[in-house]
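# Structure assessment
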Amino acid sequence: MVSRDDLFVPDLVVLRRSGRGRKSMPIGEVPYFLRIDLRDRGPSLVLHELADGEYVPVVAAAGGGTFAMREPFAFEIDPADLLDEEG
């Protein structure tokens, strides 16, 4: 995704229409950005929403908590469930 001189490289993109093989998309076509961080102090998820040309965090949770988003689609998970560890 491209915003001015910034480049965001998501692991997964959900589009409302075909990207038609394009290698980049303007951020106006991708108004949400989900960051999944499995490093450091444990897993965390942060959903960012595009507002005035910038991404701002709107939902966040760390392992042991519940990450629950409603836009752009409903999704709920404990970030700790993303780890491949046996208890």
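Another aspect to go through is the environment of Ser18. Tracing the chain through its elements places Ser18 in the loop between strand E2 (6–7) and strand E3 (32–37). For Ser18, the side chain forms a polar contact with the main-chain nitrogen of Arg20, separated by 2.9 Å.

Along the chain, the position of Asp37 falls in strand E3. Exposure remark for Asp37: the relative accessible area of 18% places this residue in the buried category. Every residue in contact with Asp37, bar those within four places of it in the chain, is listed here: Gly42, Pro43 and Ser44.

Let us now look at the sheet that holds E3. Here we have 3 strands laid out as an open sheet, ordered E3-E4-E5, and antiparallel in their pairing. Taken across any chain shown, the strands that pair with only one partner, and hence form the sheet edges, are E3 and strand E5 (54–62). Here the strands of the sheet are splayed against their neighbours by 20° on average, with no regard to which way each runs. Judged from the 6 bridges that link them, E3 and strand E4 (residues 44–51) form a sheet pairing that is antiparallel. Opposite Tyr32, over in E4, you have Glu49 as the bridge partner.

In this structure the tally under the stated criterion is 1 aromatic pair. Ring plane angle 40° and centroid distance 5.6 Å describe the contact between Phe33 and Tyr55, whose orientation is recorded as tilted. One end of the pair, Phe33, is in strand E3; the other, Tyr55, is in strand E5, with 22 residues separating them in the sequence. The two residues Phe33 and Tyr55 agree in class, both being buried.

This part covers the nonpolar core. Tyr32, Leu45, Leu47, Ala61, Phe67, Met69 and Ile77 form the largest nonpolar core, which has 7 residues in total. For this core, the elements supplying multiple residues, two or more each, are E4 and strand E6 (67–69). If we skip the residues at most four places from it in the chain, Ala61 touches Pro43, Ser44, Leu45, Thr66, Phe67 and Pro79. Met25, Val30, Phe33 and Tyr55 belong to the second-largest nonpolar core, a separate cluster that totals 5 residues.

Here we come to the confidence of the model for the protein chain. Reading fine detail from the predicted coordinates is not recommended where pLDDT is low. The predicted model of the protein chain has a mean per-residue pLDDT of 84, with 84% of residues at 70 or higher. Confidence scores differ between elements of the protein chain, with strand E1 (residues 2–3) showing the lowest mean pLDDT of 58 and E6 the highest of 97.

A separate point is the pairing of E5. With 8 bridges joining them, E4 and E5 adopt antiparallel strand pairing. Its bridge partner lying in E5, Ala51 is registered against Glu54. Where E4 folds back onto E5 in an antiparallel hairpin, the turn is made up of 2 residues, including Asp52, whose phi is positive at roughly 55°.

Rules and cut-offs
Residues numbered from 1 in each chain as written. Predicted model: local features only at pLDDT ≥ 70, side-chain atom pairs only at ≥ 80, totals over all residues. Heavy atoms only, no water. Helix = DSSP H or I, 4+ residues; strand = E, 2+ residues; numbered from the N terminus. Polar contact = N/O pair within 3.5 Å; in protein donor to acceptor, adjacent residues only side chain to side chain. Buried < 20%, exposed > 50% of the residue type's maximum accessible area, 1.4 Å probe, protein only. Contact = heavy atoms within 4.5 Å. Pairing = 2+ DSSP bridges. Axes fitted to C-alpha atoms, helices over the stretch in contact; angles between N-to-C directions. Phe/Tyr/Trp six-rings, centres within 6.5 Å; stacked < 30°, edge-to-face > 60°. Core = buried A, V, L, I, M, F, W, Y, C linked by side-chain atoms within 4.5 Å. pLDDT = per-residue confidence, 0-100.

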